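# Observations on chain architecture
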Amino acid sequence: MKKIEAFIRHEAFDEIRDKLAAMGLPSMSISEVKGSGRQGGYTESYRGAKTTIFMRPKLKLEIALDDGDVERAVDVILEHAHTGEPGDGKIFIIPLDDAVRVRTGERGDVVLAPHSDDAPA
Amino acid sequence: MKKIEAFIRHEAFDEIRDKLAAMGLPSMSISEVKGSGRQGGYTESYRGAKTTIFMRPKLKLEIALDDGDVERAVDVILEHAHTGEPGDGKIFIIPLDDAVRVRTGERGDVVLAPHSDDAPA
Amino acid sequence: MKKIEAFIRHEAFDEIRDKLAAMGLPSMSISEVKGSGRQGGYTESYRGAKTTIFMRPKLKLEIALDDGDVERAVDVILEHAHTGEPGDGKIFIIPLDDAVRVRTGERGDVVLAPHSDDAPA
Amino acid sequence: MRQRSLRLGAAAAAVLLFGIPALAAAADGPSPTDVAVNSMWVVIAAILVLFMQAGFAMLEIGLSRMKNSGAVAGKIVINLAITFLMFWAIGFALGFGDGNDFVGSAGWFLGNADAAGDTNSLGLFDFGNALAAYNLPVEAVFFFQAVFCAVSLAIVFGTMLDRTKFIAYIIFGVVFTGLIYPIVAHWTWGGGWLFQQGFLDFAGSSIVHLQGALAAIAGTLLLGPRIGKFREGKPQPIPGHSIPLAILGVLILWVGWMGFNPGSFLGAVGYNFADVAINTNLAAAAGVIGATIGSLVMFKTLDVSQMGNGAIAGLVAITAPCAFVDPWAAVVIGFVVGILVPALVVLVDKIKIDDPIGCIPVHGVSGILGTLAVGLFATRDRLDALNLSGSEAGIFYGGGGHQLWVQVYGVAATIAFTFTASFIVFALIKYTVGLRVSEEDEMAGLDISEHGMYGYPEQFIEVPGAFPESARTDGSSLFAGSKTATSSQ
Amino acid sequence: MRQRSLRLGAAAAAVLLFGIPALAAAADGPSPTDVAVNSMWVVIAAILVLFMQAGFAMLEIGLSRMKNSGAVAGKIVINLAITFLMFWAIGFALGFGDGNDFVGSAGWFLGNADAAGDTNSLGLFDFGNALAAYNLPVEAVFFFQAVFCAVSLAIVFGTMLDRTKFIAYIIFGVVFTGLIYPIVAHWTWGGGWLFQQGFLDFAGSSIVHLQGALAAIAGTLLLGPRIGKFREGKPQPIPGHSIPLAILGVLILWVGWMGFNPGSFLGAVGYNFADVAINTNLAAAAGVIGATIGSLVMFKTLDVSQMGNGAIAGLVAITAPCAFVDPWAAVVIGFVVGILVPALVVLVDKIKIDDPIGCIPVHGVSGILGTLAVGLFATRDRLDALNLSGSEAGIFYGGGGHQLWVQVYGVAATIAFTFTASFIVFALIKYTVGLRVSEEDEMAGLDISEHGMYGYPEQFIEVPGAFPESARTDGSSLFAGSKTATSSQ
Amino acid sequence: MRQRSLRLGAAAAAVLLFGIPALAAAADGPSPTDVAVNSMWVVIAAILVLFMQAGFAMLEIGLSRMKNSGAVAGKIVINLAITFLMFWAIGFALGFGDGNDFVGSAGWFLGNADAAGDTNSLGLFDFGNALAAYNLPVEAVFFFQAVFCAVSLAIVFGTMLDRTKFIAYIIFGVVFTGLIYPIVAHWTWGGGWLFQQGFLDFAGSSIVHLQGALAAIAGTLLLGPRIGKFREGKPQPIPGHSIPLAILGVLILWVGWMGFNPGSFLGAVGYNFADVAINTNLAAAAGVIGATIGSLVMFKTLDVSQMGNGAIAGLVAITAPCAFVDPWAAVVIGFVVGILVPALVVLVDKIKIDDPIGCIPVHGVSGILGTLAVGLFATRDRLDALNLSGSEAGIFYGGGGHQLWVQVYGVAATIAFTFTASFIVFALIKYTVGLRVSEEDEMAGLDISEHGMYGYPEQFIEVPGAFPESARTDGSSLFAGSKTATSSQ
Ligand SMILES: Nc1ncnc2c1ncn2[C@@H]1O[C@H](COP(=O)(O)OP(=O)(O)O)[C@@H](O)[C@H]1O
Ligand SMILES: Nc1ncnc2c1ncn2[C@@H]1O[C@H](COP(=O)(O)OP(=O)(O)O)[C@@H](O)[C@H]1O
Ligand SMILES: Nc1ncnc2c1ncn2[C@@H]1O[C@H](COP(=O)(O)OP(=O)(O)O)[C@@H](O)[C@H]1O
């Protein structure tokens, strides 16, 4: 069991979700973050005072999945989040000890098994 | 040392926190996320154009704790976040290498020890 | 490869980022969270009804880095986030299995190597 | 046409010229200039009162939850629309047309108004003509009275925020503006039985504000509090989502009241409407001070929403007496209702009524107190200047308790009728189409469950772009009962 | 000075006293009191119309994306400024000065106006003097006409939200307020050729609203839809970020219209402006009802932005006929355009035009239908009262089809001229300084890319404090083409 | 009663009829119609000025931090309340009552005003009666002057946003509206010594705006900049949280100014207030253009808040000269102050004053320049029309430097008195109850630390539901010094 945490551009998300859902991996969470990396800052100017903002808005994508699905998911993200410009983001893979489905109390691999978009397990 | 990451319904949070605090586990963090899973999307309609939103608002709960407290905490979350309907969410358990308390610089298990609600360690 | 997750006061962030960037670790992400711990709640009052809010706004800082950089980064955070009052926050260190740079597709340690502020790898 | 003795309607502008001897012009009919001046003032006042809809919108939106803000906005717009149409069709005729002591029956659809600007072209009732009032086209009177009715309706739904079905707003709006409000208005401003008893309500503390509050209470009792308002019997704060918009609303209402009260002379020439404006401002100001002190004493905090409520409480309370009392009395009246507001807010919480915008203290209690205040503070001089020989001065001005008594039963009659009628209508709604949305819809927010889109769609997380349409989407009708967007499977 | 027969301009206020026989005063020149009354009404009406800028600002801001909200705000302010200056310099002279049948040529910079309050001190054209109209200082007329022009310009850019370069707003604004709008206004309100044909547009359904919409369409065609509006040919919702602000905008516009239409008599003494106010309100109300029903039928939801659009559609449509038709006709007109709005919104989507605020249905189609409605519903009585002997009653009042025909070619002429002229200007802009921001800037939002700062800088994540200035920051000029803040390296 | 020669007050409306010979009516006392017309205009103008409070609220809220937005809203409401009560009790008497050259002493609590609508029923001072001015009830004059005072007070606190204790607002408000403002107002508008020198300030560039700015500077100097405003000596952007609300504020202020300046004739019959409206609009427009150019040149960006500041700078500057200068001069005045705004904003930053809303450039410097502009651009014709024989035409109109000199020392006297008095009051506050909140409270935001609740409680993360009350909660009084909500343990 692994968790993918990907920091990506907002624009990339729609296609990534569509593709993952089509692959049986519609389960995921997103949140808003701000990040810095190799992408430069930008200038904000207000009433004559200027400042450089290094932290740019990014989307954080979290997907818990079976070990066997990790590469597939990474490939999808790489494909759609890639522009080649700095700011494309990074993907991190984190080990998971366990997963629990709240609705059923099930634990372990079954919780992360691929499934179609809206079929309750 | 483990970290629990639970994606739950907003409504469940109050009781979960009360119960965890009563158990000596008041330390936690929450954030807003949007997620999809087995729960279906919903329709937004605006000026005649319709779209299905798959990503629904959820609350992400993060709790770092001692290995020994994990099951207790999972049980509390399961008890209060459970409705039996799709959308109840998932709990993930992640290994932690270390924990540091910024106020004191302490490290390791002591940082995650259960404590009463507002007693500085 | 590790990931640092630090829950800190907002005020501390600027200096932490400056220092980390100066050390070659400008890559990071932040997000808004609310948290409780040893810091007490505060009272909100509205139209005569009062309530205690235990969850206070905090900043969550996420930094993926090489194992060798972890202590340096922790030290920086400790230095600037520390006030000695409850509410200073905590730092968690999480093992990473892998890291991928979306722009280049590179994987592993190279992705997390220190770099100057805005030099594309 | 009914015969009436020399009772002179306060707000109905059947008023002798105010401190100006020459009535010759009036005898010959007003000059074109005077007609223009009178209708300009009344139309401008009506525009200011129309603007109050924006004030109510901002106040109610500001004090609602984010997820219901669009629903509140939509409600204001449709209710304003309903008011104009219903008042035009039947409300104005029932309220202001000639008829019997209880209800009018002339002027349906403004029929026979000739657009030529003759004064009182509808010949509504002799009330005006005999006294040189209504020296302006009937359309100006209609405009003014219609926006008053719209204010009363806007008040109704403030208490019912965040959980009421949209269709309930519509149905109740039709009945209230077409029937309930006009009937009560007729009693006083249409020359009906209360008016004949000497009941005084210059600009509507009871007729407009109390009525709105009564309907609100009736609706709320049938509706119940919002989910989460009471936990283990204790009231919980459910703060409105935008104090800035709420205070914008308060300021717009304050401005609008400059039409509401001073415009209620229904004319300009011969009236000292500036005096009424001053009384109105002083009461509002004293209301703010009162509520601020009250909030500090009771809550130990400077609650901004309470300050705003204080202003409105002062404005509501001075609405009935504004032309009959001296400035110092206006200050006293405003201060008293202002300082009561925080206590009343707590009391309303205590009796487990959920009143998000403070409608009951502000429009209900302050409306009653303001109406009664006429019986305490009205001065003989001012009544005489308005030729109100059928009414007595207040207790503090040697008039004895008579006027207070009249005010009391005027208020009582209004309460009895409006509460009962509203309760019946809301009950009918409740047991037919339903009054309250489902629990799921309430949790999800009315915006998404009834209007298909959030009021602030980009907050808090913008999910970028759009998603392909899905077969799973739920297109069931809003009017068919409880549609929910949150649990669509 | 041109000779003109006894054609009487509706909106131009060359109107006989309305239902009042005594013209003596007019013959001797108006009294100081009448001048004060007339100018007070027109100035107040102008202030209300000026206030509509706040309405457009809120409506357009509310229906734009959060990241572009500051740009919309800035656009409104600078366009208002441009209008006043251009209209003062040349617009008023071209539009309302004496001249030929197509354009005026007197009164540049309000020159020769003497500030002394003489009526028509510019001696613009005999239109007024001959008929006792313009009984007010020329400055009041100027103020009123200038804010009308500002409304027309505000409409233009609603459709072009979220993607247009700021410089394009400025350039087009200068040409539109200095040239395009005044010329068309002159045709009718300046006593030009359309006026002489008996064309009737009381307050500007075609002159103000349709013109704005035409320029908007021209601009939009050259601009293209927002990124993401159409996905695989299907229109996607790009919801505005704040329904509360949008509805505040609608309510302010509704209030402002109480100046727009009733003020278009350009005087008060002798006019039943309250009647016009009633027609206006009824049409707005019926528009709301129509759009609500339409939205429910077409979209199966109570779309709040559509309710607001319905109100404005009703207001736009009644603008031309408001003084010529009876209240029932106002209701019909408002309802028809209201119920059409949702269908038209879908249609506009179908033909792949991206119109975020519904400008085309609301100001375009409703403007046309309102103008044509004069040919259907105008009553002989009302035309006579206004002494409009050159115009015919509508079809439903036995006037035959003549007036409708005149209205049709008036609309056609307006469309032909304004669309062509606007298209040319926008095309020139497009191929010189550019009309649309770069894709990067559009994604980043106009606020940051053109104005250096977000409209809501604290949302959604507040990055606390400030960062040291960096050499990397991009200081290239906004006017030098596409500056982007998102990809500065 | 003081003897006064035939000095004629500009703004005080002691003005001969403007271009109209017949003064007969005035000799016999004004007709009821004229009284109605005059008071209608002044009351409506006062309502517009009252509405400016909503403008200041939105502007200041928009330019404040989210966490302080509720505090700003509360401040506006309570200050408005204080103004009405203090001005009624003593301010009006000190400012406008008959008295000596420095201060008035009649009309406390509007005493003896008889509500009957007699003109000048207080018999305040002979200023008006002798000259046929004050042809309206004293209540109208009071209303107008009270809302002017409220504007001046609203200005004070803009600069002091985000860090001032609420109690300081209240105390200073009481002193300023009860004492400081009335005294300076008396010098000119009460017929005092400045007026007798021929000093001209038609609607208050110096009396209202400069005074507000002076008090603001005094307060700010004692208060210091916000935390984070200067880092290592460099000014940092602390952007306001809502440009849309700020621009709504600007537009409301612009609209309100249509009452502010044209209403300052204090009457309608015989005055060309439309002319003043035009000058006012042109200056605002030119101010926008100026500030836009200035922002582009200085900042290389189209700063929306600067555009708004430009509008207000133009409005402030034209306030003194609006009735005395020709339109072209209004354009010049507006443009000059507009283009200066961005430079002044930078300058204020340079001298380490933290002025979040640009009060110093906009109300201070523009107020001074506007007042001085009278000495440059006033025309003899206009002064004669207003019968201002005691004042000279401006330098550009052959009047020599005399009037400029008078304007200079009028400004100097205002600066000396108001700055000193305000500084003393703020210093007393600082060293008693305290002027600034604790650092903790400032970081947490004034909303939560002083008002118990955020202005936008749902942003950014809604913590759902409510929590059980805790013993740990801090109930210490707000007035007992520094209560903080952030560190309550
Ligand atoms: N080491 C890291 N830790 C946490 N977040 C990171 C890290 N590196 C990058 N990110 C996130 O990814 C986003 C994009 O990074 P980017 O500048 O594209 O990285 P790179 O220079 O490697 O291409 C950043 O804004 C940040 O949110
Ligand atoms: N594999 C996953 N990775 C990340 N988040 C998930 C995952 N599965 C579920 N979630 C989160 O939990 C929420 C609820 O999921 P739900 O639909 O109840 O899952 P299930 O179908 O297993 O019951 C989702 O909206 C999402 O935020
Ligand atoms: N065990 C934990 N799990 C998750 N977040 C935590 C935990 N402990 C602390 N936090 C985060 O750190 C913030 C500050 O904690 P604090 O009260 O300072 O902890 P301590 O009492 O150990 O000093 C909290 O508001 C919360 O966001």
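### Observations regarding the overall build of chain A
Helices and strands together make up the secondary structure of chain A, namely 2 helices and 7 strands. Along chain A, helices (α) and strands (β) appear in the sequence β-α-β-β-β-β-α-β-β when read from the amino end. Computed over its C-alpha atoms, the radius of gyration of chain A comes to 17 Å, more than 25% above the 14 Å expected for a compact globule of 121 residues. For chain A, the C-alpha atoms occupy an extent of roughly 60 × 25 × 25 Å along the three principal directions. Counting the 121 residues in chain A, one finds 72% classified as buried. Restricting the contact set of chain A to residue pairs at least 6 apart, pairs at least 24 apart contribute 69%. Of the roughly 3400 Å² of accessible surface on chain A, 51% is carried by carbon and sulfur atoms. Of note, chain A has its 17 positive side-chain charges centred 8 Å away from the centre of its 22 negative side-chain charges.

### Describing the environment of E:Leu48
Take E:Leu48: it is sitting in helix H2 (residues 32–62). Spatially, the C-alpha atom of E:Leu48 lies 15 Å from that of E:Met58, the residues being 10 residues apart in sequence. The contacts of E:Leu48, once residues within four sequence positions are left out, are D:Ile47, E:Val255, E:Gly256, E:Met258 and E:Gly259.

### Some words on the interface of chain D and chain F
Taken together, the contact pairs 59 residues of chain D with 60 residues of chain F. Taken together, both faces of the contact between chain D and chain F bury some 4900 Å²; the carbon and sulfur share is 78%. Of all residues in chain D, the largest losses of buried area upon contact with chain F belong to D:Pro244, D:Leu251 and D:Leu302, amounting jointly to 12% of the total for that side. Where chain D touches chain F, the interface holds 0 salt bridges. Sorting the residues of the side of chain D that touches chain F by element identifies helix H2 (32–62), helix H9 (243–260), helix H10 (273–299), helix H11 (304–319) and helix H12 (327–350) of chain D as the ones contributing at least two each.

### Section: the site of ligand 2
Taken together, 20 residues form the shell around ligand 2, and within it A:Ser29, A:Arg101, B:Arg38, B:Gly87 and B:Lys90 come nearest. More than a single chain frames ligand 2: its nearby residues are located in chains A and B. At a separation of 3.1 Å, an oxygen atom of ligand 2 approaches a polar backbone atom of B:Gly35. One nitrogen or oxygen atom from the main chain of B:Asp88 is found 3.1 Å from an oxygen atom belonging to ligand 2. Protein chains bury 99% of the 550 Å² of accessible surface belonging to ligand 2 in isolation. Among the elements of the structure, strand S2 (28–36) and strand S5 (56–65) of chain A together with strand S2 (28–36) and strand S6 (90–95) of chain B are those that each provide at least two residues to the shell around ligand 2. When residues in the shell around ligand 2 are grouped by element, the largest group, 3 residues, is from S5(A). Residue composition of the shell around ligand 2, by class: 5 nonpolar, 8 polar and 7 charged.

### Section: the interface of chain B and chain E
Facing the 7 residues of chain B at the interface are 19 residues of chain E. For the pair chain B and chain E, the two sides together bury roughly 1000 Å², of which 50% comes from carbon and sulfur. The largest share of the area that chain B buries against chain E comes from B:Tyr46, B:Arg47 and B:Ala49, three residues that together contribute 69% of it. Along the contact surface separating chain B from chain E lie 0 salt bridges. Our count for the chain B to chain E interface comes out at 5 residue pairs in polar contact (both at pLDDT 80 or more). Elements with a minimum of two residues in the side of chain B that touches chain E: strand S3 (42–46) and strand S4 (49–53) of chain B. Here the side of chain B that touches chain E gets 3 residues from one element, more than from any other, and that element is S4(B). Residues belonging to the side of chain B that touches chain E are distributed by class as follows: 2 nonpolar, 3 polar and 2 charged.

### Remarks on the site of ligand 1
As a matter of local geometry, ligand 1 sits amid 20 residues, with A:Arg38, A:Gly87, A:Lys90, C:Ser29 and C:Arg101 nearest to it. Those residues lying near ligand 1 are distributed over chains A and C. One of the backbone N or O atoms of A:Gln39 is found 3.1 Å from an oxygen atom in ligand 1. Between ligand 1 and C:Arg103, the relevant distance is 3.2 Å, taken from an oxygen atom to a side-chain nitrogen or oxygen of the residue. Burial of ligand 1 by the protein amounts to 99% of the accessible area it has alone, namely 550 Å². Mapped by element, the contributors of at least two residues to the shell around ligand 1 are S2 and strand S6 (90–95) of chain A together with strand S2 (28–36) and strand S5 (56–65) of chain C. With 3 residues, S5(C) is the largest single contributor of residues to the shell around ligand 1.

### Quick notes on the packing of aromatic side chains
Overall, the coordinates contain 96 aromatic pairs over all chains when judged by the stated rule. Measuring from ring centre to ring centre gives 6.4 Å for E:Phe87 and E:Tyr181, while their planes differ by 55°; the resulting arrangement is tilted. One end of the pair, E:Phe87, is in helix H3 (residues 69–96); the other, E:Tyr181, is in helix H6 (residues 166–188), and 94 residues separate them in sequence. E:Tyr181 matches E:Phe87 in its accessibility class, with the two residues each being buried. The interplanar angle of 15° and the centroid separation of 4.0 Å between the aromatic rings of F:Phe148 and F:Phe260 together place this pair among those described as stacked. Separated by 112 residues along the polypeptide, F:Phe148 in helix H5 (residues 138–158) and F:Phe260 in helix H9 (residues 243–260) bring together distant segments of the chain. Per residue, the accessibility class of F:Phe148 equals that of F:Phe260, and both read buried. Aromatic ring contacts, followed pair by pair, group D:Phe87, D:Phe92, D:Phe96, D:Phe142, D:Phe157, D:Phe166, D:Tyr169, D:Phe172, D:Phe176, D:Tyr181 and D:Phe426 into a single cluster. When the ring centre of D:Tyr169 is taken as origin, the NZ or CZ atom of D:Lys75, which lies over that ring, is 5.9 Å away.

### Focus on unusual backbone geometry
Residues and elements named next belong to chain D. You will see that phenylalanine 109, though not glycine, has its phi angle at about 50°, which is positive. Structurally, phenylalanine 109 can be placed in the loop between helix H3 (69–96) and helix H4 (126–129). Phi angles above zero are rare outside glycine, and leucine 266 is one such case at about 55°. Structurally, the position occupied by leucine 266 is in the loop between H9 and H10.

### A word on the pattern of salt bridges
One pass over the full model with this rule turns up 63 salt bridges over all chains. A salt bridge links A:Arg107 to A:Asp98; the nearest nitrogen and oxygen atoms lie 3.0 Å apart. Across the pair C:Arg9 and C:Asp88 runs a salt bridge, and its minimum N-O distance is 3.0 Å. Taken together, the residues C:Arg9 in the loop between strand S1 (2–8) and helix H1 (13–22) and C:Asp88 in the loop between helix H2 (70–81) and strand S6 (90–95) connect sequence positions 79 residues apart. The pair formed by C:Arg9 and C:Asp88 is uniform in burial state, with each residue classed as buried.

### Digging into the pairing of strand S3 (residues 42–46) of chain A
All names here are of chain A. With 5 of 5 residues buried, S3 is to be regarded as a mostly interior element. Where S3 and strand S4 (residues 49–53) come together, 5 bridges link them in antiparallel fashion. Within S4, the residue paired with threonine 43 across the bridge is threonine 52. Here S3 hands over to S4 after 2 residues, with arginine 47 in that stretch at a positive phi of 50°.

### Describing helix H13 (residues 359–377) of chain D
Residues and elements named next belong to chain D. Between its terminal C-alpha atoms H13 stretches 25 Å, which fits the 27 Å expected from 19 residues at 1.5 Å a residue. At serine 366, H13 shows its maximal bend, which comes to roughly 30°. Taken across its 19 residues, H13 has 15 buried, putting it largely inside the fold.

### What about the packing of helix H6 (residues 166–188) of chain D against helix H8 (residues 205–223) of chain D?
Residues and elements named next belong to chain D. Where H6 meets H8, the closest approach of the two axes is 11 Å, and the angle between their N-to-C directions is 140°. Judged on the interaxial angle alone, H8 and H6 are oblique. When you trace H6 past H8, the crossing you get is right-handed. Together, Phe172, Phe176, Ile180, Tyr181, Val184, Ala185 and Thr188 of H6 and Ile207, Val208, Gln211 and Ala215 of H8 make up the contact between the two elements.

The rules behind the values
Residues numbered from 1 in each chain as written. Chains lettered and ligands numbered in written order. Predicted model: local features only at pLDDT ≥ 70, side-chain atom pairs only at ≥ 80, totals over all residues. Heavy atoms only, no water. Helix = DSSP H or I, 4+ residues; strand = E, 2+ residues; numbered from the N terminus. Rg over C-alpha atoms; globule rule 2.2 N^0.38 Å. Buried < 20%, exposed > 50% of the residue type's maximum accessible area, 1.4 Å probe, protein only. Contact = heavy atoms within 4.5 Å. Areas by Shrake-Rupley, 256 points an atom, 1.4 Å probe, with all protein chains shown as cover. Lys, Arg positive; Asp, Glu negative; His and termini not counted. Charge placed at Lys NZ, Arg CZ, Asp CG, Glu CD. Buried area = accessible area lost by both parts, 1.4 Å probe. Salt bridge = Lys/Arg side-chain N within 4 Å of Asp/Glu carboxyl O. Near = heavy atom within 4 Å. Polar contact = N/O pair within 3.5 Å; in protein donor to acceptor, adjacent residues only side chain to side chain. Nonpolar A, V, L, I, M, F, W, Y, C, P; charged D, E, K, R; others polar. Phe/Tyr/Trp six-rings, centres within 6.5 Å; stacked < 30°, edge-to-face > 60°. Lys NZ or Arg CZ within 6 Å of the ring centre and 35° of its normal. Pairing = 2+ DSSP bridges. Expected span 1.5 Å × (residues − 1). Bend = angle between axes of the 7 residues up to and from the residue. Axes fitted to C-alpha atoms, helices over the stretch in contact; angles between N-to-C directions. Parallel < 35°, antiparallel > 145°, perpendicular 65-115°, else oblique. Left-handed = near helix turned anticlockwise from the far one by under 90°.

Function cannot be inferred from these measures alone, as they are strictly geometric.
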